[in-house]
Amino acid sequence: MSVPLLIIGSGLSGLAAAIRYARFSPDVLLLEKHARIGGLNSFFHRNGALIETGLHAITNYAEPKDKKAPLNQLFRQLKLNRKDLPLQEQIQSEICFPNRESLLFSNDFNLFYSQVVSKFPRLTAAFDQVLAAIKAYDPFRARPFISTRSFLSDSIRDPLLIDMILCPLMYYGSCSENDMDLGQFVIMFRAIFLEGMFRPRGTIKDLLDFLLNHYTAFGGKIRLNSPVVKICHKDKKVSAVELASGEVIECDHLLSTIGYRETLRLLGQDTSHESLTRLGFIESIFRLPVSCRQELPLDRTIIFYNQADRFRYERPHRHVDFNSGVICFPSNFHGIRPEGYFEIRSTHLADYHSWKSLQSSPLLYGEKKRESSRRSVETIEKITGNFRNNIVYEDTFTPLTVERFTAKLEGAIYGHPRKFKDGLIGYGNLFLAGTDQGYLGIVGSMLSGISMVNRHILSAL
Amino acid sequence: MTRNDIKELIMEIIADIDEDADFDSLKPDQPLRDQLDLDSMDFLDIVMELRKRHKLQIPEEDYPQLASLDSCVNYLEPLLKDA
């Protein structure tokens, strides 16, 4: 079998890339390792309930009239209509550093601005200066790494405010420890504070089904349960991929959304010498009856917290670092009314290697998982109020779980610390899209798939 | 295709990209980009639609020829004379 375009991975970047190409030519095949599409953003069924994984909130909210906004560009490029996919905006979110300071923000930037100037009045001019620089900055121009921390501390002379600004931006899309590239910072600041957060009205399954139907309606093809075990290449050019079944599929172009190192492995390159730190996370989901919803904050969509002196976004030296994290209320969006049950989700930084060392002992692994979930509850209850007695179902995903289901090495959802903005890794007809290309978040990863197809494949046809 | 057919074709493709595009005040000799708020991604769509509908292969160096409605017609007329 031979296809002009082969795409590995049916996460949101792979799906978007596939739809983009199928719009103009149906000769594209999407390969998915698992029985289900979605990659990092997926779902499972438990006790008759659909439980989402990945998706907290989607950043980059924009009104339909704002044509140049990334969200609307995405719809336009994929020939999707906003009317077919109702989006629900966040209520408001909080950056909470207990006993120190709290900043609220919503999809109206004025809220965040007024919070900063009322709580850090001495820093008003400095904050204005930073905002002006963010608005003027072109994050898509290629340039070497610029430290966001040193950029911010040039004007904002208070580490607390710097940590508070960075906390949500790092948790929602930084693959590197403690600092981030200024371009990435500008993208994330715009995506979260200037644009804002939303979610689809339906579940992540509805969104994935909607995208897949759109793709197949254009004539695009997909194969589930089809792990690629090898990329065949000669003279720095890809000729085919080999599936676990032994089947070989030839292709003119190959787009890989599985990550840089993950792709190198399929090319047969040794990646074991690489020592860059990959950040892992642990996530817990707690399901509760709606009757106890009133006892918890109804007007918080996401809470980003940090209770340590300084916010440390780095790989912990133990299984989990509970000092900081993200608390998400998936039912606290405008226009969403949970029926029967609702969920609270928590995310913390975790160390893949600590969890890996428990893998050989299922008993210890299970015990550590339960302990981590319990400690997560204890920690976040200090912010949300108590809910532990009402939990009817809970589950916890360690970096090992994430690695197993998403195929991201070490469960590092934000991928490799170095990004490949042009999608090129040294092979003439092989391109990266998604996590390791560098646009993060759901809107970002979809635009990554689209822009790599535009740049390398459509314009070369 | 006549010059007018080509004009209609281009406007139809643009309307398909952006349903709110306003053609009433469009000046055919002025850049489409500024008047209709199109970006480079949209131009790629125009090129791809021409390829899909009429099997036209437009090399990247010729994209500037598609700048205004008039220049589109001038450029496409010989290519679509038998269409």
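Each chain carries its own residue numbering, running from 1 in the direction its sequence is written. Chains carry letters from A onward and ligands carry numbers from 1 onward, assigned in written order. With pLDDT at 70 or above as the cut-off, local features in this predicted model cover only qualifying residues; side-chain atom pairs require 80 or more to be listed or tallied, and sums for whole chains, interfaces and linings still use all residues. Values shown for side chains rest on all heavy atoms present in the structure; no hydrogens or waters enter the calculation.

1. Considering the overall build of chain B
Here's step 1: Note on conventions: DSSP H or I runs of at least 4 residues are helices, E runs of at least 2 residues are strands, and numbering of each starts at the N terminus. Scanning chain B from N- to C-terminus turns up 4 helices and 0 strands.
Here's step 2: The order of α-helices and β-strands along chain B, N terminus first, is α-α-α-α.
Here's step 3: Scaling as 2.2 N^0.38, a compact globule of 83 residues should have a C-alpha radius of gyration of about 12 Å, and chain B matches this with 12 Å.
Here's step 4: With the C-alpha coordinates aligned to their principal axes, the bounding extent of chain B is approximately 30 × 25 × 20 Å.
Here's step 5: Each residue is assigned to one of three classes by its accessible area relative to the maximum for its type, calculated with a 1.4 Å probe on protein chains only: buried under 20%, partly exposed between the two thresholds, exposed over 50%. The proportion of buried residues among the 83 residues of chain B is 45%.
Here's step 6: Here the contacts in chain B between residues at least 6 apart in sequence split such that 57% fall between residues at least 24 apart. Radius of gyration: over C-alpha atoms. The globule rule applied is 2.2 Å multiplied by the number of residues raised to the 0.38 power. Any two residues having at least one pair of non-hydrogen atoms within 4.5 Å are treated as being in contact.

2. A few points about helix H4 (residues 124-136) of chain A
Residue and element names in this part refer to chain A.
Here's step 1: Each residue after the first adds 1.5 Å to the expected span of a helix. Given a rise of 1.5 Å per residue, 13 residues ought to cover 18 Å, and the 18 Å separating the end C-alpha atoms of H4 matches this to within 8%.
Here's step 2: Taken as a whole, H4 has its buried residues at Ala126, Phe127, Val130, Leu131 and Ile134. All buried residues of H4 lie within an arc of 140° about the axis, which places them on one face of the element. Pointing more than 90 degrees away from the buried face of H4 are the exposed residues Ala125, Gln129, Lys135 and Ala136.
Here's step 3: If you follow the buried residues of H4, they end up packed against helix H3 (109-119), helix H5 (148-155), helix H6 (159-171) and helix H7 (182-195). Read the arc as the range of directions from the helix axis to the C-beta atoms.

3. Concerning the environment of A:Gly219
Residue and element names in this part refer to chain A.
Here's step 1: Mapped onto the fold, Gly219 is located in the loop between helix H8 (204-217) and strand S9 (221-223).
Here's step 2: Of the residues examined, Gly219 reaches a relative accessible area of 27% and is grouped as partly exposed.
Here's step 3: Taking C-alpha positions, Gly219 is 17 Å from Leu208, a pair spaced 11 residues apart along the chain.

4. Some points on the pattern of salt bridges
Residue and element names in this part refer to chain B.
Here's step 1: A pair is scored as a salt bridge if a Lys or Arg side-chain nitrogen falls within 4 Å of a carboxyl oxygen belonging to Asp or Glu. In this structure the tally under the stated criterion is 31 salt bridges over all chains.
Here's step 2: As a salt-bridge pair, Glu12 and Arg53 come within 2.8 Å of each other at their nearest N and O atoms. One end of the pair, Glu12, is in helix H1 (residues 3-17); the other, Arg53, is in helix H3 (residues 40-54), and 41 residues separate them in sequence.
Here's step 3: Judged by its relative accessible area of 46%, Glu12 falls in the partly exposed class.
Here's step 4: Overall, Arg53 belongs to the partly exposed group, its relative accessible area being 31%.

5. Let's talk about the nonpolar core
Here's step 1: To form a nonpolar core, buried Ala, Val, Leu, Ile, Met, Phe, Trp, Tyr and Cys residues must be joined to one another through side-chain atoms within 4.5 Å. In this structure, A:Leu255, B:Leu32, B:Ile58 and B:Leu76 are the most contacted members of the largest nonpolar core, which totals 75 residues.
Here's step 2: Once residues lying within four places of it in the same chain are set aside, the contact partners of B:Ile58 are B:Val47, B:Leu50, B:Tyr63, B:Leu66, B:Tyr75 and B:Leu76.
Here's step 3: One finds A:Phe105, A:Ala126, A:Leu169 and A:Cys328 within the second-largest nonpolar core, a separate group that totals 52 residues.

6. So, the side chain of A:Thr271
Here's step 1: Counting through the fold element by element, A:Thr271 comes out in the loop between helix H9 (260-266) and strand S13 (280-289).
Here's step 2: Setting aside residues up to four positions removed in sequence, A:Thr271 forms contacts with A:Arg261, A:Leu264 and A:Arg265.

7. Thoughts on the packing of aromatic side chains
Residue and element names in this part refer to chain A.
Here's step 1: Aromatic pairing here means that ring centres of Phe, Tyr or Trp (its six-membered ring) are within 6.5 Å. Orientation follows from the plane angle: under 30 degrees is stacked, over 60 is edge-to-face, and everything else is tilted. Under the defined criterion, the tally for this structure stands at 25 aromatic pairs over all chains.
Here's step 2: Taking the centre distance of 5.6 Å and the plane angle of 65° together, the rings of Tyr61 and Phe198 count as edge-to-face. Of the two residues, Tyr61 sits in the loop between strand S4 (49-53) and helix H2 (70-77) while Phe198 sits in strand S8 (residues 198-200), which places them 137 residues apart along the sequence. Phe198 matches Tyr61 in its accessibility class, with the two residues each being buried.

8. Looking at the sheet that holds S13(A)
Strand pairing in a sheet relies on backbone hydrogen bonds. The paired strands run either parallel or antiparallel.
Residue and element names in this part refer to chain A.
Here's step 1: Pairing between strands is defined by DSSP: at least two bridges between the two strands are required. With respect to topology, 7 strands assemble into an open sheet ordered S7-S6-S14-S15-S16-S13-S17, the strand pairing being mixed. What marks the edges here is a single partner per strand, and that holds for strand S7 (101-105) and strand S17 (393-397). Strand after strand, the sheet turns through a mean of 15° between neighbouring axes, direction not considered.
Here's step 2: Sheet topology places strand S6 (residues 93-97) next to S7; 5 bridges connect them, and they run antiparallel. Its bridge partner lying in S7, Phe97 is registered against Glu101.
Here's step 3: Sitting on the sheet, H3 is in contact with S6 and S7, with an inclination near 160° to S7. A fitted line through C-alpha atoms serves as each axis, taken over the contacting stretch for helices, and the angle formed by two N-to-C directions is quoted from 0 to 180°.

9. Details of the packing of H1(B) against H3(B)
Geometrically, a packed helix pair is captured by the angle between its two axes and the distance between the axes.
All names here are of chain B.
Here's step 1: Packing of H1 against H3 leaves a shortest axis separation of 10 Å and a crossing angle of 120°. Here H3 runs oblique to H1, going by the angle between their axes. Two packed elements cross with a definite hand, and for H1 against H3 that hand is right-handed. Of the residues in H3, those in contact with Leu9, Glu12, Ile13, Ile14, Asp16 and Ile17 of H1 are Asp42, Asp45, Ile46, Glu49, Leu50, Arg53 and His54.
Here's step 2: Polar here means any residue outside two lists: the nonpolar Ala, Val, Leu, Ile, Met, Phe, Trp, Tyr, Cys and Pro, and the charged Asp, Glu, Lys and Arg; Gly therefore counts as polar. In the contact of H1 with H3, the residues fall into 6 nonpolar, 1 polar and 6 charged. Here is the rule for angles: anything less than 35 degrees is roughly parallel, anything more than 145 is roughly antiparallel, 65 through 115 is roughly perpendicular, and the remaining ranges are oblique. Take the far helix as the reference: if the near one is turned anticlockwise from it by less than a right angle, the crossing is left-handed, and if turned clockwise, right-handed.

10. Brief notes about unusual backbone geometry
Residues and elements named next belong to chain A.
Here's step 1: Located in the positive-phi region is Asn60, a residue other than glycine, with phi close to 70°.
Here's step 2: Turning to its location among the elements, Asn60 is positioned in the loop between S4 and H2.
Here's step 3: Asn60 gets classed as buried once you look at its relative accessible area, which sits at 8%.

11. Quick look at empty space enclosed by the protein
All names here are of chain A.
Here's step 1: Points on a 1 Å grid over protein atoms alone make up a cavity when a 1.4 Å probe fits among them but cannot get out, and a pocket when they form an open set with protein on both sides within 12 Å along at least five of seven lines; lining residues each have an atom within 4 Å of a point. Grid points are joined across faces, edges and corners, and a volume is the space filled by probe spheres set on the points. Under the counting rule described, the total for this entry stands at 2 cavities of 30 Å³ or more.
Here's step 2: Reported here for the largest cavity is a volume of approximately 120 Å³.
Here's step 3: Lining the largest cavity are 14 residues, with Leu74, Phe75, Leu85, Leu207 and Met446 positioned closest to its centre.
Here's step 4: Where the lining of the largest cavity is concerned, the elements lending two or more residues are H2, S8, H8 and helix H13 (441-457).

12. A short note on the domain arrangement of chain A
All names here are of chain A.
Here's step 1: Under the domain assignment used here, chain A contains domain 1 (2-84 + 202-274 + 420-460), domain 2 (113-194) and domain 3 (280-409).
Here's step 2: Listed per partner, the contact involves 13 residues of domain 2 and 15 residues of domain 3.
Here's step 3: Buried surface at the junction of domain 2 and domain 3, summed over both partners, amounts to about 1300 Å²; 59% is from carbon and sulfur atoms.
Here's step 4: Between the two partners, domain 2 and domain 3, sit 1 salt bridge.
Here's step 5: Arg310 is paired through a salt bridge with Asp163; the nearest N and O atoms lie 2.8 Å apart.
Here's step 6: Think of a polar contact as two N or O atoms within 3.5 Å of one another; within protein, one of them needs to be a possible hydrogen donor and the other a possible acceptor, and neighboring residues in sequence only count if both atoms come from side chains. For the pair domain 2 and domain 3, the number of links is 8 residue pairs in polar contact (both at pLDDT 80 or more).
Here's step 7: Here the element with the most residues in the side of domain 2 that touches domain 3 is H6; it accounts for 7 residues.
Here's step 8: Of the residues that constitute the side of domain 2 that touches domain 3, the class distribution is 7 nonpolar, 3 polar and 3 charged. Domains are outlined according to an automatic or database domain assignment. As a working definition, buried area equals the accessible area (1.4 Å probe) given up by two parts on being put together, with both sides summed.

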